[in-house]
Amino acid sequence: MSTPRAVRTQVPPEGYAPARDELAGRVILITGSTGGLGRVAALAMAASGAEVVLVGRSLARLQGLYDDIEAAGGGRAVLYPMNLGGAQPDDYAELADRLGNEYGRLDGLLHGAAAFGGLTALSGYPLERWAEVLQVNLNACFLLTRALLPLLGSAPDPVIAFVDDEGARSGGAYWGAYGITKAAVDTFSRILADELECNSHARVLRLDPGPMRTALRALAYPAESPACASAPAERAPGLVFLFGPHGRRLGSGAFDLRPR
Ligand SMILES: NC(=O)c1ccc[n+]([C@@H]2O[C@H](COP(=O)([O-])OP(=O)(O)OC[C@H]3O[C@@H](n4cnc5c(N)ncnc54)[C@H](OP(=O)(O)O)[C@@H]3O)[C@@H](O)[C@H]2O)c1
């Protein structure tokens, strides 16, 4: 029996196209910006006028993305090389200080980074890999969110977004640390949303991108035909919609970014 899908609001609505200035004046930080979904988010948000802070572990890949954003015109990009697998609380505090000094606020945070770790039975799961996946997928979400909450609180319409993977977190064999972190991040985002509901105007989003042709998916589904997943770029309009003024109407919650 297949697991019933959770109720999510599908975005964007039919007929929506992002305006060139839809995110103008917004500063949005993206982790995993050099990956499939993060890169698409960076390009689309910059093209809609946002200033994007690109977090990634490879300076060369960050620079390639920067060049593509510049070539397309639109918003400004700032590079922030950071390996989430090894970053310490002080590194997150330094990032928050730098953003505070530069902008005094943060309008959006997209937790797009994820390490897969491989399809492995729990009985033989290598300890180092376990620690790395938990660090990148779960602890970094906590540390980054905690460090940036004060700056997000200073923005007029702040958004904090987590990326769901329902198939991985539902408890199937061999999903290992990746599946466990996805379940934990889902709960983390619900607790955060509940805590912020009454004392903050921040929106907390759980985004389901559906199957995307990315490096991570190739590891998770090695035998899958590429035709079974769509290009991450198809999530771009939904991301801009949610991080901009239209998303405000919808508030916090779970959103489906799959192409129709
Ligand atoms: N693809 C799917 O079908 C699918 C389905 C459901 C949910 N998701 C979720 O969508 C999100 C994006 O995944 P994706 O498919 O776009 O994967 P991806 O293309 O493999 O991108 C993953 C990103 O995470 C970064 N990353 C990994 N380890 C890191 C570390 N130690 N420090 C800093 N960054 C690190 C990667 O950096 P590098 O560029 O340096 O490798 C890359 O930018 C993830 O949360 C994933 O769980 C994906």
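In what follows, the structure referred to is the one given above.
Remember, it's a predicted structure, so these values are computed and weren't measured experimentally.

*Asks:* Outline the overall build of the chain, listing residues and values.
*Replies:* When helices and strands are counted, the chain shows nine helices and eight strands. The C-alpha atoms of the chain give 17 Å as radius of gyration, which agrees with the globular expectation for 260 residues (18 Å, within 12%). Along the longest, intermediate and shortest principal axes, the C-alpha atoms of the chain span 50 × 45 × 40 Å. Evaluated residue by residue, the chain yields a buried proportion of 48% over its 260 residues. Considering only contacts in the chain between residues 6 or more positions apart, those separated by 24 or more positions represent 74%. Approximately 12000 Å² of the chain is accessible, and the part contributed by carbon and sulfur atoms is 54%.

*Asks:* Kindly report on the packing of helix α1 (residues 36-47) against helix α8 (residues 236-243), identifying the contributing residues and their values.
*Replies:* In a pair of packed helices, the angle between the axes and the distance between the axes together describe the arrangement. At a closest axis distance of 9 Å, the pairing of α1 and α8 adopts a crossing angle of 60°. Viewed along their axes, α1 and α8 adopt a mutual orientation that is oblique. Here α1 runs over α8; the crossing is right-handed. Here Leu37, Val40, Ala41, Ala44 and Met45 of α1 come into contact with α8, specifically with Ala236, Leu239, Val240 and Phe243.

*Asks:* Outline the packing of aromatic side chains, listing residues and values.
*Replies:* Tallied over the entire structure, the rule returns eight aromatic pairs. Seen from their ring centres, tryptophan 175 and tyrosine 178 are 6.1 Å apart, and the 35° between their planes marks the pair as tilted. For tryptophan 175, a relative accessible area of 11% translates into the label buried. A relative accessible area of 3% means that tyrosine 178 is categorised as buried. With a centroid separation of 5.7 Å and 65° between ring planes, the pair formed by tryptophan 175 and tyrosine 221 is classed as edge-to-face. Of the two residues, tryptophan 175 sits in the loop between α5 (166-169) and α6 (176-197) while tyrosine 221 sits in the loop between α7 (215-220) and α8, which places them 46 residues apart along the sequence. The class for tyrosine 221 is partly exposed, based on a relative accessible area of 30%. Put simply, the rings of Phe116, Trp175, Tyr178 and Tyr221 touch in pairs and so form one group of aromatic residues. For the cation-ring pair, arginine 129 lies above tyrosine 125, with the distance from its terminal atom to the ring centre recorded as 5.9 Å.

*Asks:* Describe in detail the environment of arginine 8, supporting the description with residues and values.
*Replies:* Within the element layout of this structure, arginine 8 appears in the segment before β1 (9-10). When its relative accessible area of 14% is taken as the criterion, arginine 8 is described as buried. Measuring from C-alpha to C-alpha, the distance between arginine 8 and glycine 253 comes to 7.7 Å, with 245 residues separating the pair along the chain. If near-sequence neighbours (up to four positions away) are discounted, arginine 8 is found in contact with Asp164, Glu166, Arg169, Asp208, Ala254, Phe255 and Asp256. In terms of polar contacts, arginine 8 uses its side chain to reach the side chain of aspartate 208, at 3.0 Å.

*Asks:* So what about the layout of surface pockets? Which residues, and what values?
*Replies:* As a volume, the largest pocket reaches approximately 1100 Å³. Contributing elements (two or more residues each) for the lining of the largest pocket: α1, β3 (51-56), α4 (127-153), α5, α6 and α7. Of the residues belonging to the lining of the largest pocket, the class tally is 21 nonpolar, 15 polar and 12 charged.

*Asks:* Just give me the short version of unusual backbone geometry, but keep the residues and values in it.
*Replies:* The residue after valine 11, namely proline 12, is reached through a cis peptide bond having omega -5°. Mapped onto the secondary structure, proline 12 falls in the loop between β1 and β2 (27-31). The phi angle at tyrosine 174 is positive, at roughly 75°, despite the residue not being glycine. Judged by its relative accessible area of 51%, tyrosine 174 is exposed.

*Asks:* Got a sec to walk through the pattern of salt bridges? Specific residues and values, please.
*Replies:* All chains considered together, the criterion is met by 18 salt bridges. Salt-bridge contacts for arginine 8 lead to aspartate 208; the nearest nitrogen and oxygen are separated by 3.0 Å. Of the two residues, arginine 8 sits in the segment before β1 while aspartate 208 sits in strand β7 (residues 203-208), which places them 200 residues apart along the sequence. The exposure class of aspartate 208 is buried, given its relative accessible area of 3%. For aspartate 256, the salt bridge identified is with arginine 258, shortest N-O distance 3.3 Å. Here the residues in one salt-bridge network are Arg8, Asp164, Glu166, Arg169, Asp186, Arg190, Arg206, Asp208, Asp256 and Arg258, joined through shared partners.

Definitions and cut-offs
Residues numbered from 1 in each chain as written. Predicted model: local features only at pLDDT ≥ 70, side-chain atom pairs only at ≥ 80, totals over all residues. Heavy atoms only, no water. Helix = DSSP H or I, 4+ residues; strand = E, 2+ residues; numbered from the N terminus. Rg over C-alpha atoms; globule rule 2.2 N^0.38 Å. Buried < 20%, exposed > 50% of the residue type's maximum accessible area, 1.4 Å probe, protein only. Contact = heavy atoms within 4.5 Å. Areas by Shrake-Rupley, 256 points an atom, 1.4 Å probe, with all protein chains shown as cover. Axes fitted to C-alpha atoms, helices over the stretch in contact; angles between N-to-C directions. Parallel < 35°, antiparallel > 145°, perpendicular 65-115°, else oblique. Left-handed = near helix turned anticlockwise from the far one by under 90°. Phe/Tyr/Trp six-rings, centres within 6.5 Å; stacked < 30°, edge-to-face > 60°. Lys NZ or Arg CZ within 6 Å of the ring centre and 35° of its normal. Polar contact = N/O pair within 3.5 Å; in protein donor to acceptor, adjacent residues only side chain to side chain. 1 Å grid on protein atoms, 1.4 Å probe; cavity = no way out; pocket = protein on both sides within 12 Å on 5 of 7 lines; lining within 4 Å. Points joined across faces, edges and corners; volume = space filled by probe spheres on them. Nonpolar A, V, L, I, M, F, W, Y, C, P; charged D, E, K, R; others polar. Salt bridge = Lys/Arg side-chain N within 4 Å of Asp/Glu carboxyl O.

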